[in-house]
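# What the coordinates show
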Amino acid sequence: MFNGSTGPLELEIGCGAGGFALEHCKRNPSIRFVAFEWRKKYAREVAFRAEKHGITNLKVIEGDARMEVPRLFTPGSLACIHLQFPDPWWKRAHQKRAILQLDFTKFLLTLLAPNGRFDFRTDVQDVGERGLKVLEQAGFHNPLGPLVFHPYDAEEAPSTRERRYLASGQPVYRARLVKLAQP
Ligand SMILES: C[S@@+](CC[C@H](N)C(=O)[O-])C[C@H]1O[C@@H](n2cnc3c(N)ncnc32)[C@H](O)[C@@H]1O
């Protein structure tokens, strides 16, 4: 998939229009980055923009990450998982589509290598609080303390949606969790 490159492998679930994936891959050419997006229009657009800009360390997979990720990654293979501004699924009947369900979150933890990271961002406070709780329950370690959000870091690439909030000043809830080498 990456022409023999063996750099750290990172995963993004729901890359949307790809603002984060494209910029992060450009800034970090040694990583291998796999972005999942189930909306055809976005997936194709991000792949097109990667090719147009000569970004070869980004692969976009069009499909449902909940189905595809278990088929494609082996335990301990990932350096980082990114989940940014996941759909909030307001309706109760749709909440089963949320990515951060306890069982799937526990499974994501198994895919990370020791000291691997989980990067979570959202503009919806309730999604942030519930997501952080599920991540910690699943076994991710929060270096800042239980249920504490991470401050904004100007060094990290913003996602497409995040750019909007940075411009308007609307709050963003961020968490950076790790998989402890020795649980
Ligand atoms: C609110 S958008 C945020 C997009 C991007 N992360 C950003 O911050 O700009 C959420 C994205 O996740 C995608 N998505 C939701 N569930 C998904 C799934 N199970 N598999 C793949 N993509 C998914 C949606 O199609 C949408 O593009």
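Please refer to the structure placed before this passage.
What this report covers is the structure whose coordinates are included nearby. (Residues numbered from 1 in each chain as written. Predicted model: local features only at pLDDT ≥ 70, side-chain atom pairs only at ≥ 80, totals over all residues.)

With that settled, consider the sheet that holds strand β3 (residues 58-62). The strands making up a sheet are joined through hydrogen bonds of the backbone, oriented either antiparallel or parallel. Pairing is mixed in the open sheet, where six strands are placed in the order β3-β2-β1-β4-β5-β6. Pairing within the sheet leaves two strands with one partner each, and these edge strands are β3 and β6 (173-178). When the angles between neighbouring strand axes are averaged without regard to direction, this sheet yields 15 degrees. Each of β5 (112-122) and β6 is contacted by helix α5 (residues 125-138), which is oriented at about 165 degrees to β5, the strand it contacts most. (Pairing = 2+ DSSP bridges. Helix = DSSP H or I, 4+ residues; strand = E, 2+ residues; numbered from the N terminus. Axes fitted to C-alpha atoms, helices over the stretch in contact; angles between N-to-C directions. Contact = placed C-beta atoms within 7 Å.)

Turning next to the site of the ligand. Looking at the ligand, there are 20 residues lining it, with G14, G16, F85, S159 and R161 nearest. Among the secondary structure elements, those contributing two or more residues to the shell around the ligand are β2 (32-37), α3 (65-72) and α6 (160-168). The element that contributes the greatest number of residues to the shell around the ligand is α6, accounting for three residues. Its residues placed into classes, the shell around the ligand shows seven nonpolar, six polar and seven charged. (Near = placed C-beta within 6 Å. Nonpolar A, V, L, I, M, F, W, Y, C, P; charged D, E, K, R; others polar.)

Despite not being glycine, F85 shows a phi value in the positive range, around 55 degrees. Within the secondary structure, F85 sits in the loop between β4 (78-84) and α4 (102-111). With phi around 60 degrees, L147 is a residue other than glycine that occupies positive phi space. Assignment of secondary structure puts L147 in the loop between α5 and α6. Residue classification places L147 among the partly exposed residues on the basis of 13 C-beta atoms within 10 Å. (Buried ≥ 20, exposed ≤ 12 C-beta atoms within 10 Å, placed from the backbone.)

A few words now on the packing of α4 against α5. Close contact between α4 and α5 brings their axes to 9 Å; oriented N to C, the two are set at 55 degrees. Relative to α5, α4 is oriented oblique. As α4 runs across α5, the sense of the crossing is right-handed. Residues L102, T105, K106 and L109 of α4 touch α5, and the partners they reach there are V134, L135, Q137 and A138. Of the residues belonging to the contact of α4 with α5, the class tally is five nonpolar, two polar and one charged. (Parallel < 35°, antiparallel > 145°, perpendicular 65-115°, else oblique. Left-handed = near helix turned anticlockwise from the far one by under 90°.)

This next bit is on the pairing of β2. Of all six residues that make up β2, six are buried, and the element is covered over most of its length. Residues R32, V34 and F36 point to one face of β2 and F33, A35 and E37 to the other, with burial holding for every one of them. Across five bridges, the pairing between strand β1 (residues 9-13) and β2 is parallel. Each residue of the ladder has a partner; that of E12, found in β2, is A35. Considered for its hand, the β-α-β crossover made up of β1, helix α1 (residues 19-27) and β2 is right-handed. Of the pairings in the sheet, the one linking β2 to β3 comprises five bridges and is parallel in character. Note that in β3 the partner of F33 across the bridge is L58. (Right-handed = clockwise from strand over helix to strand, strands pointing away.)

Another point: the environment of F73. On the secondary structure map, F73 appears in the loop between α3 and β4. Residues contacting F73, with those up to four places away along its chain left out, are L78 and L111.

As a further point, take the nonpolar core. Counting 38 residues, the largest nonpolar core has A21, A35, V46, L58, I81 and L135 as its most contacted members. If near-sequence neighbours (up to four positions away) are discounted, L58 is found in contact with A21, L22, C25, F33, A35 and A50. (Core = buried A, V, L, I, M, F, W, Y, C linked by C-beta atoms within 7 Å.)

Its place among the elements puts R161 in helix α6. C-beta crowding within 10 Å serves as the criterion here: with 17 such atoms nearby, R161 is assigned to the partly exposed category. A C-alpha to C-alpha distance of 18 Å links R161 and R176, two positions 15 residues apart in sequence. With residues up to four places along the chain from it excluded, the contact list for R161 reads G16 and F85.

So far we have only geometry, and geometry alone does not tell us how the molecule works.
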